[in-house]
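Residue-level structure breakdown
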Amino acid sequence: MMKHRTLLATALLVAAASLQPLMADHDSGRTIGLTCFGCHGADGVSLGAVPSMKGMSEEHVRTAMTDFKSGKRSGTIMNRIAKGYTDDQIKALAKFVAGL
Amino acid sequence: MAKLNRRNFLKLAGGSTGLALTGCASSPTPKATKKAGPAKVVVVGGGFGGASAAKYLKKFDPSIQVTLIEYNKTFTTCPGSNWVLGGLRDIDSITHSYDALINKYGINVIHDWVSAIDVDGKNVRLASGSKVEYDRLILSPGIDFRYDTIEGYTANDVNMVPHAWKAGSQTTVLRNQIASMRDGGVFVIAPPPNPFRCPPGPYERVSLIANYFKKHKPKSKILILDAKPKFSKQKLFVKGWKDLYGYGTDKSMIEFVAAPDGKVSKVDVKSKTAYAGPLEEAVKADVLNVVPAQKAGELAHAAGLTDKSGWCPVNHHTWESKVAPFVHVIGDSAIQAPLPKSGYAANSEAKICAAAVASMLAGKDPEPHVPSWVNTCYSLVGPQYGISVAMVYNLTKEGKVGKVKGSGGLTPMDGNRQLEALYAENWLLNISNDTWADG
Ligand SMILES: Cc1cc2nc3c(=O)[nH]c(=O)nc-3n(C[C@H](O)[C@H](O)[C@H](O)COP(=O)(O)OP(=O)(O)OC[C@H]3O[C@@H](n4cnc5c(N)ncnc54)[C@H](O)[C@@H]3O)c2cc1C
């Protein structure tokens, strides 16, 4: 039983790894992150009242997005935006933003 | 030139005039098309879609030779043009040059009119006579008007009765008419039927002209003769009009007449009279603003890229035309619903299309595998009174753009209007800089 499960897990890992190179340049964090620039500014640098995304830590983005999504934090628009993403997408997004 | 191009399309469609839209026109497997030398992409249209696509192509793969062909030397954004009409700012503040795309991104910018596309020969023909070759072509030519839908109104009448639905000189014409209108005059606007560029646009325009009248010409009236029974963000606009302009009272500055009674079928340009409703009732205006029904940009029609709807069918993963291989269409010209015809959507589509084009030119499957889009349309109801509609989109199992359930929606009725007005202004600065890189 144990053995069987390990084998299956290995097979799944291999499948995931073979997808890796194709995903490298355009993972979901980058794809979604680029859609935020319309409001947060090119490369995450805002020219005014909307906060800049550049310079935010991974932790900060993840917490903010999770709280906007759940309603724990409220904003004029971010609650409506954050509800569009799964927790995994938010994780990937946070990584992308932290790397700006 | 249009003939040449038509012939190619007939060939492409196997000699039939009814272009078969089966999706069979997409380009061959990427690997077969990889060739030596730098890949060439031509982008037509330097607006929200085209300028963003050119910039992001260079960001994704600096080795691609990107040529952007745009007729005008500068670009005046439609977003913010209602603010100019209301006297809140001047037109220079919403006008952009292409210098930064040339200097910072190494994009080759040509100011000329593209008159035809040779799909088989993979080149575009310029009005000046020369040809520009491409490996892949991205079109974002915006909209054109269906003048045939309103009797008595033609492209020659736009200086008397402006549409001001492409920003620039048209914005100035309408602004001057409003500024020189007598106090006590009537401004009549005839918004178009769906689908059209910027669904909340006509109502933001009405709001900011009301704001201007309230201060400078308080006896004046605004009449909306609408081709539609209802409109975008209607509840929020109506609340704003009540809050600011006495809407619904006998002192209301604004009156809204929905279709069928409001639908304008005929115009007399000289006397600025609109004929509305089934009985063609005559309404005389001091300033008349007719926004005709719309269709894809002229080039899309000349190149045979449109279907019966007047817009371009595309594959939403790559934005490649379903009619012509190696030709991608984004922005207002594309069939993009449920994404609206907006600047935000065009910018968002441009990034996905540019990524797909860059990866396909590198011989890979189109990336990203899981695309994602956002749209937000902010509107000012007054200078300190902002509202918005937003949505997140993904690719459905059927391969079409779809709304992400649970996301998006309207500003809540008790939302913070003042903060949203601030964000609306900043949005325009930020998206413009994301598009023309000149901020
Ligand atoms: C009053 C108004 C307010 C608006 N407000 C907002 C808003 O607040 N938010 C928002 O997101 N959107 C807004 N919009 C909508 C937005 O302007 C459009 O959706 C957006 O411009 C579409 O981008 P595009 O690239 O498809 O076309 P465009 O931006 O119109 O660009 C098309 C370009 O292609 C060029 N072109 C066309 N054909 C050729 C050719 N054959 N050869 C060479 N050049 C060519 C044109 O000169 C033009 O520069 C508004 C629109 C209006 C009218």
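Position labels on residues start from 1 in each chain and follow its written sequence. Both sets of labels track the order of writing: A upward for chains, 1 upward for ligands. At least 70 in pLDDT is required for a residue's local features to be given in this predicted model, at least 80 for side-chain atom pairs to be given and counted, and no such filter applies to totals for whole chains, interfaces and linings, which use all residues. Hydrogen atoms and water are omitted, and side-chain values are computed over all heavy atoms in the structure.

In this section: the overall build of chain A. Runs of E in the DSSP output that reach at least two residues are strands. Runs of H or I that reach at least four are helices, and both are numbered from the N terminus. Counting its regular elements, chain A contains five helices and zero strands. When the helices and strands of chain A are placed in sequence order, the string is α-α-α-α-α. Accessibility here uses a 1.4 Å probe with only protein chains present; expressed as a share of the type maximum, an area under 20% marks a residue as buried, one over 50% as exposed, and anything in between as partly exposed. Split into buried and exposed, the 100 residues of chain A put 37% on the buried side. The criterion used for residue contact is that any of the two residues' heavy atoms lie within 4.5 Å. Within chain A, counting contacts between residues at least 6 apart in sequence, those at least 24 apart form 50% of the total. Working note: accessible area of chain A is about 5,700 Å², and carbon and sulfur atoms make up 63% of it. Accessible surface area values rest on a Shrake-Rupley calculation with a 1.4 Å probe, where residue burial reflects the displayed protein chains alone.

This brings us to the environment of Ser74 of chain A. Residues and elements named next belong to chain A. Relative to the helices and strands, Ser74 is located in the loop between helix 3 (58-70) and helix 4 (78-82). We classify Ser74 as exposed; its relative accessible area is 63%. Dropping the residues within four chain positions of it, Ser74 is found in contact with Phe68 and Asn79.

This brings us to unusual backbone geometry. All names here are of chain B. Of the consecutive residues Ala259 and Pro260, the connecting peptide bond is found in the cis state with omega at 5 degrees. You can see Pro260 is positioned in the loop between strand 13 (254-257) and strand 14 (264-268). The linkage connecting Glu367 with the following residue, Pro368, adopts the cis geometry, with an omega of -5 degrees. If you trace the backbone, Pro368 turns up in the loop between helix 10 (343-361) and strand 20 (372-382). For Glu280, which is not glycine, the phi torsion reads 50 degrees and is therefore positive.

A word on the pattern of salt bridges. Each reported salt bridge corresponds to a side-chain nitrogen of Lys or Arg within 4 Å of a carboxyl oxygen of Asp or Glu. This model, assessed by the stated rule, comprises 15 salt bridges over all chains. Of the charged contacts, one joins Asp87 of chain A and Lys69 of chain A as a salt bridge, the two residues approaching to 3.1 Å between their closest N and O atoms. Of this pair, Asp87 of chain A sits in helix 5 (residues 87-98) while Lys69 of chain A is found in helix 3, placing the two residues 18 residues apart along the sequence. Here Asp87 of chain A falls in the exposed class, since its relative accessible area comes to 51%. Its relative accessible area of 27% is what places Lys69 of chain A among the partly exposed residues. Note that Glu425 of chain B and Arg89 of chain B form a salt bridge whose closest N and O atoms lie 3.7 Å from each other. On the criterion of sequence distance, the pair formed by Glu425 of chain B in helix 11 (residues 417-436) and Arg89 of chain B in the loop between helix 4 (81-85) and strand 4 (95-97) is long-range, its members being 336 residues apart. Assessed through its relative accessible area of 25%, Arg89 of chain B is described here as partly exposed. Taken together, the shared-partner salt bridges in this structure form one network comprising Lys55, Lys351 and Asp434 of chain B.

We now examine the sheet that holds strand 8 (residues 131-133) of chain B. Residues and elements named next belong to chain B. Read from one edge of the open sheet, three strands run 6-7-8, paired in antiparallel fashion. On the outer flanks of this sheet lie strand 6 (114-118) and strand 8, each paired with one strand and no other. Taken over all neighbouring pairs, the strand axes of this sheet differ in orientation by 25 degrees on average, direction set aside. Of the strand pairs in this sheet, strand 7 (residues 123-126) and strand 8 are connected by three bridges, and their pairing is antiparallel. Of the residues in strand 8, the one forming a bridge with Arg125 is Lys131. Strands are treated as partners if at least two bridges between them are detected by DSSP. Each axis is a line fitted through C-alpha atoms, taken for helices only over the stretch in contact, and angles between the N-to-C directions span 0 to 180 degrees.

A word on the packing of aromatic side chains. Residues and elements named next belong to chain B. Two rings from Phe, Tyr or Trp (for Trp, the six-membered ring) form a pair when their centres are within 6.5 Å of each other. A pair whose planes differ by under 30 degrees is stacked, one over 60 is edge-to-face, and the rest are tilted. By the definition in use, this model includes 18 aromatic pairs over all chains. A ring pair is formed by Phe231 and Phe237, whose centres lie 6.2 Å apart and whose planes are at 55 degrees; its orientation type is tilted. Judged by relative accessible area, Phe231 falls into the buried class, the value being 8%. The structure contains a cluster of three or more aromatic residues connected by ring pairs, namely Tyr203, Phe231, Phe237, Trp241, Tyr247 and Phe256. Cation placement over rings: the criterion is NZ of Lys or CZ of Arg within 6 Å of the ring centroid and within 35° of the ring normal. Stacked on the ring of Phe326, the Lys or Arg Lys122 has its end atom at 3.7 Å from the ring centre. Taking the ring centre of Tyr212 as reference, the NZ or CZ of Arg175 above it sits at 4.7 Å.

Here we come to the domain arrangement of chain B. Residue and element names in this part refer to chain B. Residue ranges assigned to each domain were obtained from an automatic or database domain assignment. When cut into domains, chain B gives domain 1 (40-144 + 295-365) and domain 2 (152-292). Computed from C-alpha coordinates alone, the two centres of domain 1 and domain 2 are separated by 30 Å. Here the quantity called buried area is the accessible surface, traced with a 1.4 Å probe, that two parts lose on coming together, added over both. In total, about 1,700 Å² of surface goes out of reach between domain 1 and domain 2, with carbon and sulfur atoms giving 62% of it. Together, Asn82, Leu85 and Ile143 form the three largest contributors to the area buried by domain 1 at its contact with domain 2, with a combined 37%. Viewed at the interface, domain 2 and domain 1 are joined by two salt bridges. Put simply, Asp144 and Lys166 hold a salt bridge, and the shortest N to O gap is 3.6 Å. Polar contact is defined as a pair of N or O atoms within 3.5 Å, subject to the rule that within protein one atom must be able to donate a hydrogen and the other to accept it, and that residues adjacent in sequence are counted only when both atoms are side-chain atoms. Our count for the contact surface shared by domain 1 and domain 2 stands at eight residue pairs in polar contact (both at pLDDT 80 or more). For the side of domain 1 that touches domain 2, the element with the most residues is helix 4, which contributes five residues. Each residue gets one of three labels, nonpolar for Ala, Val, Leu, Ile, Met, Phe, Trp, Tyr, Cys and Pro, charged for Asp, Glu, Lys and Arg, and polar for the others, Gly among them. Of the residues belonging to the side of domain 1 that touches domain 2, the class tally is nine nonpolar, seven polar and three charged.

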